[in-house]
Structures are given as C-alpha cells and as structure tokens.
Amino acid sequence: MEKIVSLCKRRGFIFPGSEIYGGMANSWDYGPLGVELKNNIKQAWWKKFVQERGDMVGLDATLVMNPKVWEASGHLKNFTDPLVECKKCHNRFRADHIEGKTCPDCGGELTTAKQFNLMFKTFIGPAEESANVAYFRPETAQAMFVDFRQVLETSRKRIPFGIAQIGKAFRNEITPGNFIFRTREFEQMEIEYFIKENDWEKSFEYWLGEMYDWMNFLGLKKDHLHDMEVPEKERAHYSKRTIDIEYDFLFGKDELYGLAYRTNFDLKNHSTSSGVDLVYTDPESGEKYIPHVIEPTFGVDRSVLAVLTEAYCEEEAPTTKEGETEIRVVLKIPKHIAPIKVAILPLSKKEELSNVAKEIYKEVSRNFFAEYDETQSIGKRYRRQDEIGTPYCVTIDFDSLEDKKVTVRDRDTMEQERIEISELINYLKNKF
Ligand code: GAP
C-alpha cells in the first residue's frame, strides 16, 4: 500500500490535499494522471450503463437539495454510525470498527456508543439560523427519486428503466482512512433501476451480473472479489436485501460496491412528503403502482484504488547491459482506461529526429491521449512510462528517417515491433 501511495504522489496521480498548508487529514487531490484515470473510468461507466442501453437515462442534479428531501428519505433520522470516545485520549472511533471494549490507541475506557449523523450541515444565505440549514448530499441517489416524475415525462421511458448519475457525495465519516478508500468527500456512480415489485429478485440477479461485467472490464480478478450478503440488522434503513461486493484491498477485504433492493421506500416517502403523486401508470394495462427500485452503486475513488492495486507489478526486466536485470515497476492498467495511451519518444533531441517525432505526435494526439518526451535516456523514459501505465511507447530513431518506420513497444510484454509511420494510427487503433 505504501508503494502505491508513494508512486501516486511521485508520478502525479494522487497527492495530499492542501499540502502547502500542512495538508488536511484524509483529503486527497487527483493530479494530472489521476484525473485522467478517474475520468476514463467515469466515461467508460457512462458509456456502458447509459449510452449503450436503451433503458437508461442520465441526470446531473444539485449537491445541496431542499432539506425536506433528507427528512423524507430517512437520512436525518437514520443515516448514523455508532460513535465511541476514549475517556483518556479523547480519540473517537466507530464502535462497529473496533474490537474489544477499550481504546485501540491508549487502552483507555470508552464511552457507551451514541449515534452520530454523518451528513454535512451547511447554511444557505448569510444568516446562520436553523431555518437556513441545508445538507450536502450523502448519496447521489435521492435526486433520481425526487426528479423521477420529470425524467419519466420528458424521456418517455417505460418501466423497467433506470436513471444514472455520477457525482460527489459527502459524509462526515468518524474514521476516514486507508488513502482514498474512506474519505469525507468522494464520488459515486449510481443507478436507480425502476421495476415492478414482482420482478425484484430477477432484476437483482441481473444487476449483480452487470456489476461483475464491469469489474472484469476494470481488470479486477474474480478471485479478488467476494459477495457479502449484508445481514438485516446491518442493512441501510431503506433496504430489503443488500450485497456488498468486497475487494481484497492491500489493507484487507472491504466494500468496493453495493447492490441494494430499496423496495419503493424512497418514492413512497417522497410522494407522501411532497404531496406529488409519484404513481406510475402502465400505458398498456393501465395498472397503477409506485415503482420498486434496484440500486447498483459504485464508488469512483474505490474503483481507482482497486484498479491501481490490481495493476501494480514489480518484475525483473533486462537492462541495456547484456545479461543484467533490474526490477521494473509497471502499472498494468487495462489499456482503455490508462491515463496516457501512447508515448512518443525520439531517440535523440537532434532537430532532424524531433521534427519527424513532433509530426507523429501531432497525428497520434488527434486519436489518442499521447505524451511527447525527449529528455533522459530511452531506458529511463521506458521505466517512467511503465510506472504510469502507458500501454505503448513509440520510438523514433535515425533509421526512421530512411525506412519511414518507428518502433512500438508494448508495456506488458516489452516486445518491440517495427511499424510503417503511415500505418501507425491504424496499428494503434487495432491494439485498442
Ligand atoms: N446510495 C447507496 C449508497 O450510498 P453506500 O454503500 O453507502 O450506498 C455506495 O455507498 C458506495 O460509495 C460504496 O460502495 C463505496 O464504493 C462508496 N463510498 C461510500 N462511502 C465512502 C467513503 N467515505 N469514501 C469513499 N467511498 C465511499
């Protein structure tokens, strides 16, 4: 884990937030490569779950909603974790995250657990009065229920159909930690899939399969994934069945994603609370009912962490000296989500080479996110590209000027192929 955190910082994937002010505990910023990786994951998710399906539409709602939303959803009352405090060192813990009855830090006596609401409170407007209290959303899900009527009317979808959203969520976690695994500000990719009550078991199984398809796409090995049936007393207040999909993170097995059957709890409560009828009328049979919901939910930051964990490799590789080897660090990120797809590396800075290399870079950039690098030895440049997970390096050497060919090196196999410059784009397209 330390090696991954260090690589992320060193190469500009993820670094501590507000660092010049001494940082801020458990806040992490995505740097130039991290934002590419995260965006690629989000875009691929949107393509798979929204754009490639006829039964899904997207939404991008506000983070701060009318506070009545959180009353109706049950979050104001139920979105809590049990908190205990050490009477000696005053450190606070989630009661369900510690073993035994004493403080894990100093052995001191702990208070009895009290429920702590995780929602971030804020005030709207200049006066900090209780009438102006609002909350940052603790899940993206609620907007999909609150906007259900408008989405239904404008998209003219019929049940079964889903609404998907990607966005930030905020939780005042008692014990954030493990790098980007548990933070107070994070991103979710969520689907609320509206169904008829009788179809819930079939739909639940279907979405579990879709989630595994997605995890396979991210390169996560099946052996590292585990379904955990959440027992009734541990389920969220709205859920009749939940499976947590756990991943073997380097600090232990823990929740990556979740799949829940939310019944019609949310739509029913919003209908009662707002006074707006959220009943669905089947256009063919005329049957009227409040739709039930299957919710597959995916943490973006946990996706990034799982992808990095799965991709990190240390391998023995030959150096430029005959018979010598060294350890190479390589991020074997699936090619389609790698931050940089192609690196263009002229063997020397000489103008005659760099002119050709820059032309190639211009052409490649129109098709793939590419990087141009002419500093340091070619060995060091390959190592850097391996460490940031670039699938293909294209080197331009003096022979290229004569034979109009370049060398393409594959990140994973380190095999090199000589390719006609005029064929390079097609060659790369085929590879991706
Ligand atoms: N709408 C349902 C819901 O929010 P959840 O299990 O509380 O369910 C969904 O959260 C996903 O969001 C989790 O599976 C996880 O991937 C991610 N997540 C939850 N809390 C998080 C935190 N504090 N930091 C990072 N990711 C978190």
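Since this is a predicted model, take the numbers as computed values, not measurements. (Residues numbered from 1 in each chain as written. Predicted model: local features only at pLDDT ≥ 70, side-chain atom pairs only at ≥ 80, totals over all residues. Heavy atoms only, no water.)

### Points about the packing of aromatic side chains
Summed over the entire model, instances satisfying the criterion amount to 27 aromatic pairs. Ring centres 5.5 Å apart and planes at 35° place the aromatic pair Phe161 and Phe194 in the tilted group. Of the two residues, Phe161 is situated in strand β10 (residues 161-170) and Phe194 in strand β11 (residues 185-195); the sequence distance between them amounts to 33 residues. Per residue, the accessibility class of Phe161 equals that of Phe194, and both read buried. Aromatic pair Trp200 and Tyr261: ring centres 4.1 Å apart, planes at 5°, arrangement stacked. On the criterion of sequence distance, the pair formed by Trp200 in helix α7 (residues 200-217) and Tyr261 in strand β14 (residues 252-263) is long-range, its members being 61 residues apart. Here the aromatic residues Trp45, Trp46, Phe49, Tyr193, Tyr206, Trp207, Trp214, Phe217, Tyr257 and Phe298 are joined through ring pairs into a cluster of three or more. In this structure, Arg409 packs its charged tip against the face of Tyr382, placed 4.3 Å from the ring centre. (Phe/Tyr/Trp six-rings, centres within 6.5 Å; stacked < 30°, edge-to-face > 60°. Helix = DSSP H or I, 4+ residues; strand = E, 2+ residues; numbered from the N terminus. Buried < 20%, exposed > 50% of the residue type's maximum accessible area, 1.4 Å probe, protein only. Lys NZ or Arg CZ within 6 Å of the ring centre and 35° of its normal.)

### Here's the deal with the side chain of Thr309
Looking at the secondary structure, you find Thr309 in helix α9 (residues 300-311). With near-sequence residues (within four places) excluded, Thr309 lies in contact with Ile4, Tyr247 and Leu250. (Contact = heavy atoms within 4.5 Å.)

### So, helix α1 (residues 2-11)
Three or more residues of α1 are buried, namely Ile4, Leu7 and Cys8. The arc that holds every buried residue of α1, seen down its axis, measures 100°, which confines them to one face. Where α1 is buried, its residues contact β1 (14-16), α9, β18 (312-318), β19 (325-331) and α11 (378-387). The positive-phi residue at the C-terminal boundary of α1 is Gly12, with phi of around 85°. (Arc of directions from axis to C-beta.)

### Description of unusual backbone geometry
The linkage connecting Ile159 with the following residue, Pro160, adopts the cis geometry, with an omega of 5°. Mapped onto the secondary structure, Pro160 falls in the loop between α6 (148-155) and β10. Even without a glycine there, the phi angle at Arg156 is positive, about 55°. Among the structural elements, Arg156 can be located in the loop between α6 and β10. By relative accessible area, Arg156 is classed as exposed at 71%. Phi angles above zero are rare outside glycine, and Met414 is one such case at about 65°. With respect to the element layout, Met414 can be found in the loop between β23 (405-410) and β24 (416-420). The class for Met414 is partly exposed, based on a relative accessible area of 24%.

### Overview of the site of the ligand
If you check the shell around the ligand, you find 20 residues, and the closest are Glu139, Arg171, Glu190, Glu255 and Leu256. With respect to the ligand, the backbone of Gly299 contributes an N or O atom lying 3.1 Å from an oxygen atom. Alone, the ligand offers 550 Å² of accessible surface; in the complex the protein occludes 91% of this. When residues of the shell around the ligand are traced back to their parent elements, those giving at least two are β11, β14 and β17 (292-299). With 5 residues, β14 is the single largest residue contributor to the shell around the ligand. (Near = heavy atom within 4 Å. Polar contact = N/O pair within 3.5 Å; in protein donor to acceptor, adjacent residues only side chain to side chain. Areas by Shrake-Rupley, 256 points an atom, 1.4 Å probe, with all protein chains shown as cover.)

### Observations regarding the pattern of salt bridges
Two side chains that carry opposite charge are able to pair once their charged atoms sit near each other. Per the counting criterion, the structure on display carries 40 salt bridges. Close ionic contact of Glu315 with Lys332 constitutes a salt bridge, the shortest N to O distance being 2.5 Å. Within this pair, whereas Glu315 is found in strand β18, its partner Lys332 is found in the loop between β19 and β20 (342-346), the two being separated by 17 residues in sequence. For Glu315, a relative accessible area of 21% translates into the label partly exposed. Its relative accessible area of 28% is what places Lys332 among the partly exposed residues. With its nearest N and O atoms 3.8 Å apart, the salt bridge here joins Glu359 to Lys362. A residue pair is termed a helical-turn pair when its members lie 3 or 4 positions apart in one helix, as Glu359 and Lys362 do in helix α10 (residues 351-365) at 3 residues. The network of salt bridges with common partners includes Glu315, Glu326, Arg328, Lys332, Arg383, Asp386 and Arg409. (Salt bridge = Lys/Arg side-chain N within 4 Å of Asp/Glu carboxyl O.)

### Some details on the sheet that holds strand β12 (residues 225-229)
Across the sheet, which stays open at both edges, the 7 strands sit in the order β3-β10-β11-β17-β14-β13-β12 with mixed pairing between neighbours. The outermost strands of the open sheet, each flanked by one partner alone, are β3 (56-59) and β12. Here the average twist between neighbouring strands, direction ignored, is 25°. Together, β3, β10 and β11 form the strand contacts of α6, whose direction differs from that of β10 by roughly 135°. (Pairing = 2+ DSSP bridges. Axes fitted to C-alpha atoms, helices over the stretch in contact; angles between N-to-C directions.)

### As for the packing of helix α2 (residues 32-51) against α7
Two elements in contact, α2 and α7, have axes separated by 12 Å at closest approach and are oriented at 140°. Put simply, α2 runs oblique to α7. Of the two elements, α2 crosses α7, and the hand of that crossing is right-handed. Residues Ile41, Ala44, Trp45, Lys48 and Phe49 of α2 form the contact with α7, whose own contacting residues are Trp207, Glu210, Asp213, Trp214 and Phe217. (Parallel < 35°, antiparallel > 145°, perpendicular 65-115°, else oblique. Left-handed = near helix turned anticlockwise from the far one by under 90°.)

### Description of the pairing of β10
Regular strands show a simple pattern: their side chains alternate between the two faces of the sheet. Counting buried positions along β10 gives 9 out of 10 residues, so the element sits mostly inside the fold. Pairing analysis gives 4 bridges linking β3 to β10, with the strands arranged parallel. In the strand pairing of β10, Met56 is matched with Gly162. With 10 bridges joining them, β10 and β11 adopt antiparallel strand pairing. In the strand pairing of β11, Phe170 is matched with Glu185.

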